[in-house]
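Residue-level listing of the chains:
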Amino acid sequence: MTADALGADSVPRLGRGVRLKDDAARGGWVLLAPERVLVLDDTAHAVLQRLDGKRTVRDIADSLAAEYDAPGGAILRDSLALLRDLAAKGLVKT
Amino acid sequence: MGMLAELTHRCPLSCPYCSNPLELERAAGELTTEEWLWTIDEAADLGVLQIHFSGGEPTVRRDLERLIARARERDVYSNLITAGVLLDRRRIDALAAAGLEHVQLSLQDSRSASADAIGGYRGGHEKKLAVAGMVRAAGLPLTINAVVHRQNLHRLEELIDLSVALGAERLEVAHVQYYGWAYANRAALMPTRDQLDRATDTVEAARDRLKGILGIDYVVPDYYARRPKACMGGWGRRFVNVTPVGKVLPCHAAESITDMTFEAVRERPLAAIWEDGPAFERFRGTGWMAEPCRSCDRREVDFGGCRCQAFALTGDAAATDPACSLSPRHGHMVALAKSESGADRRDFVYRSMSRREHFGRGSSAVLRPPADGSGSPEK
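Residues numbered from 1 in each chain as written. Chains lettered and ligands numbered in written order. Predicted model: local features only at pLDDT ≥ 70, side-chain atom pairs only at ≥ 80, totals over all residues. Heavy atoms only, no water.

Colleague: Talk me through the packing of aromatic side chains; I want residue IDs and the actual numbers.
Modeller: Residue and element names in this part refer to chain B. Enumeration over the complete set of coordinates arrives at five aromatic pairs over all chains. Taken together, a centroid distance of 5.2 Å and an interplanar angle of 90° make the contact between Trp235 and Phe283 edge-to-face. Here Phe283 lies in the loop between α11 (278-282) and α12 (307-314) and Trp235 lies in the loop between β7 (215-219) and β8 (239-242), a separation of 48 residues in the sequence. The pair Trp235 / Phe283 is uniform in exposure class, with both members buried. Both rings, one in Trp274 and one in Phe280, keep their centres 5.4 Å apart while their planes meet at 55°; by these two values the pair is tilted. Take Trp274 and Phe280: they sit in the same class, and that class is buried. (Phe/Tyr/Trp six-rings, centres within 6.5 Å; stacked < 30°, edge-to-face > 60°. Helix = DSSP H or I, 4+ residues; strand = E, 2+ residues; numbered from the N terminus. Buried < 20%, exposed > 50% of the residue type's maximum accessible area, 1.4 Å probe, protein only.)

Take a look at the structure:
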């Protein structure tokens, strides 16, 4: 599935050879992928940590909204933008 | 931060653009397993996030599994950069079981005859195709690395299609960078401007067509650039290279700069060498720069380009990289590319341990290809 097709009901997961890592030396989380490293902000980390190959983007946004007591619509929009960007880079699959 | 771990300079292939230095290290001087293990520990402590196990051909080391396992234990991402020809299913499974996370497999061309001639290894291409399948069967992500130049660029489309057929997620299309062996073979490798433009169009079209299927990284050749690349993302900023004998370099080609002082992991801890070693201090930051770099608003974008290239083409490692159009030597570089790409030169100096004494950096001496005739890429 292409990045454009990733929607609220998609079930995203990290691509093959892609994983999260706690970067102790610099502080914060990074996404490790074949021959690249992406530095994650707290929001991106919170979303990616929840990719389990079962939950939809909407499920993930709902759980974040509940946990952070934040507006669900804005979180869903931000989550979709992040995941589409990573899908375009081949780092997230559906 | 990434580390290139060059486990050995031994390799069954002898590609004429090999990134190893002209002075190849022999097996006897290589770091032992224990020395590599402590180096991996020191790298993890220093904050290295990815280790690229390379060479030479890293799979000639029987302790590769142990080194990968140590990286995994330390939560460092491991990448294997291999020519593939020594691998079989059992070894690949063992590497995967040890925790290997990604494989980068080189192809010299899309067709056997030409690929085997460029690599100087008969039967290599067919073996690589089989190995790609084994890598995928083991569940490992696969990147194909294709070094491109005048003698294979016309088959770039085929290389892209082949990468898709092999199940690769990524393809690196890397134009030859001219240091070391490639510098000695420049006249036989330099693409024409027209070839380069067509290759760039081909890559852009394929990226569109293969979105979500194959990601393509594209390394352009400096000789036709207007601005230099930010080599290594800036000297001593995010990359460290450890050679087979444990020398710690800011870039894998740094030994081509003849007046550098390198320290080794046998002498000092990796972190200390990184922190204040003379090789790292020499070109770190912007303080070393002269004009036109010093006052340039791109000085922290490209960091003055490549030190090795500056040295190779001007004799001064602190000069502006001639790939930059602001360099007084830029015109000379463009002229070199034009004249050499237009010449009908196809013979290579093959990388080897035994022939290194026959020529030096920048020498125009060219040795004959192997006597069996496999040296002709167009065969």
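Colleague: Residues and numbers for the pairing of strand β2 (residues 50-54) of chain B, please.
Modeller: Residues and elements named next belong to chain B. Of all five residues making up β2, five are buried, and the element is well covered by its neighbours. By the alternation rule, side chains of β2 split into Gln50, His52 and Ser54 and Ile51 and Phe53, which are all buried. One ladder, built from five bridges, connects strand β1 (residues 2-6) with β2; its direction is parallel. Bridging across to β2, Met3 finds its partner in Ile51. Handedness of the β-α-β unit built from β1, helix α1 (residues 33-46) and β2 comes out right-handed. In this structure, β2 lies alongside strand β3 (residues 77-82), joined through four bridges in parallel fashion. From the neighbouring strand, Gln50 faces β3, where its bridge partner is Tyr77. (Pairing = 2+ DSSP bridges. Right-handed = clockwise from strand over helix to strand, strands pointing away.)

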